[in-house]
Amino acid sequence: MTAERPRVVIVGGGFGGLAAARGLARAPVDVTLVDRTNHHLFQPLLYQVATAGLSPAEIASPIRRILRRQRNARVLLGEAVAIDTATRRVRLADGEIGWDYLVVAVGASHSYFGRDEWEAHAPGLKTLDDALEIRRRALVAYEEAEREDDAEARRPWLTFVVVGGGPTGVEMAGAFAEVARHTLARDFRRIDPRAARVLLVEAGPRILPTYPEGLSEKAQRQLEALGVQVWTGAAVTGVDASGVQVGGDRIAARTVVWAAGVQASPLARSLGVPLARAGRVRVLPDLTVPGQPAVFVIGDLAAVEQEGGLVPGVAPAAIQMGEHAARNVLRALRGEPLLPFRYRDKGSLATIGRKSGVADFGWVRLSGPLAWLAWLTVHIFFLIGFRNRFVVLFTWAWAYLTYDRSARLILGRGEPAPSRPSPPRPPGSTPSSAG
Ligand SMILES: Cc1cc2nc3c(=O)[nH]c(=O)nc-3n(C[C@H](O)[C@H](O)[C@H](O)COP(=O)(O)OP(=O)(O)OC[C@H]3O[C@@H](n4cnc5c(N)ncnc54)[C@H](O)[C@@H]3O)c2cc1C
């Protein structure tokens, strides 16, 4: 790298940031990609880690390794805390970096609609840590149920509530049901995991609201066939350590997952421009920030208007924006006018359990096994790294044949189970009553 070349700083190594970095591979610039984690995460498969189907390393790759052949790029581990457009510097938690062009791609996280106290009881799914925590809670719940003498007290341990009926909620609920009905069915002696209750709660009138109505209905039927109870028009009004309040209904549940809302990264505020809904940055058609022609905001963080609506917060949109921002940086370097971004929607897919799903490609709509097959193909294709593709395909083939989920490890230490009044039983003692 040379000091004279323009410096392009990319904050965030997710779908958007990585696409921008790769788009600049042959450009006469020095690229610095900063991320607070050392890995690029394939978020569409996070629910598989949360439900013990895949291990973390199978859906994530070190960013340093992904870019190791790109000689004009360096990777820094660091958390951006503010962007100073006046001095053209990104402030990190422990330092700062100057830029000539900046691409901000830090994505979004979950929103609890102002009820942040719910987060402790209903974790959302955004990072590998989130997925491992959800996996830990769900697996511990079965262990606690197995140890619980009292049938009434056992029920909340075997109740799994997913809040939010978008694609993530639907996939989580389907996978929870499959774990209960198949994976764990024969692993316990006192409890019958098949009796576990899985509830998907959606405030709107239907699940998968961004899909055509017919596919939403089919998705609901497929979930119900797996044993998931789907409540629509049901807004959650309270979440605490012992369960969820849905209007007048109380659901006693020890495992609650939040898949209901998203909110852009707080880093957006430091740009000092008006923000759109959910804290996203309203960018110009060329993806730059108003008044800042060298600052691009892309991916989930960007509010991009197209045909009267906003471009959705999905991986293909982030990738396309990353590629476009890279092209516009090159145009700016050559003194050419920047081009407007145009999102090409290639369709949406959601899986339900191990061989169902729904897919909307615009020109064709699928449901059932065909949709699942399309989902599988797309996800294997876009997963980064040959090894990951191979291992995931093998793991899924194995799971398909055996219903097994091999990543059923309880890792990490959460709070001790609050409802357990008695001290741990001494070794060798047996439970006092059969379940
Ligand atoms: C559970 C889940 C399932 C999903 N399923 C699908 C799906 O099936 N299909 C689909 O198309 N989309 C799906 N999405 C949405 C998709 O993942 C996002 O739209 C996409 O990841 C957005 O890309 P991005 O580059 O904007 O942000 P991200 O991919 O989220 O990347 C942001 C990066 O920025 C880093 N970062 C954040 N803050 C900072 C900071 N302050 N400093 C430094 N680094 C920072 C993060 O570590 C991360 O690497 C899913 C999302 C989730 C959470």
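Just above sits the structure.
Residues numbered from 1 in each chain as written. Predicted model: local features only at pLDDT ≥ 70, side-chain atom pairs only at ≥ 80, totals over all residues. Heavy atoms only, no water.

Engineer: What is the right way to read the site of the ligand from this model?
Structural biologist: Around the ligand, a shell composed of 27 residues is seen, among which Gly16, Asp35, Gln43, Ala80 and Asp300 lie nearest. Between the ligand and Gln43 there is a distance of 2.7 Å, counted from an oxygen atom to a side-chain nitrogen or oxygen. Within the backbone of Ala315, an N or O atom sits 2.9 Å from an oxygen atom of the ligand. In isolation the ligand exposes 990 Å². Once the protein is present, 89% of that is buried. Among the elements of the structure, helix H1 (15-23) and helix H8 (315-333) are those that each provide at least two residues to the shell around the ligand. Here the element with the most residues in the shell around the ligand is H8; it accounts for three residues. A breakdown of the residues in the shell around the ligand according to their chemical character gives 10 nonpolar, 12 polar and five charged. (Near = heavy atom within 4 Å. Polar contact = N/O pair within 3.5 Å; in protein donor to acceptor, adjacent residues only side chain to side chain. Areas by Shrake-Rupley, 256 points an atom, 1.4 Å probe, with all protein chains shown as cover. Helix = DSSP H or I, 4+ residues; strand = E, 2+ residues; numbered from the N terminus. Nonpolar A, V, L, I, M, F, W, Y, C, P; charged D, E, K, R; others polar.)

Engineer: What am I meant to see in helix H6 (residues 167-183) here?
Structural biologist: Every α-helical turn comprises 3.6 residues, leaving residues that sit three or four positions apart pointing alike. Between its terminal C-alpha atoms H6 stretches 22 Å, which fits the 24 Å expected from 17 residues at 1.5 Å a residue. Buried residues dominate H6, accounting for 14 of its 17 residues. (Expected span 1.5 Å × (residues − 1). Buried < 20%, exposed > 50% of the residue type's maximum accessible area, 1.4 Å probe, protein only.)

Engineer: Mind showing me how you'd approach the pattern of salt bridges here?
Structural biologist: Side chains bearing opposite charge may pair, as long as their charged atoms lie close to each other. Applying the stated criterion across every chain, the model contains 19 salt bridges. Between Arg137 and Glu133 there is a salt bridge, with the nearest N and O atoms lying 2.7 Å from each other. Separated by four residues within a single helix, Arg137 and Glu133 lie in helix H4 (residues 128-147), roughly one turn from each other. Classification of Arg137 by relative accessible area gives partly exposed; the value is 22%. For Glu133, a relative accessible area of 23% gives the class partly exposed. (Salt bridge = Lys/Arg side-chain N within 4 Å of Asp/Glu carboxyl O.)

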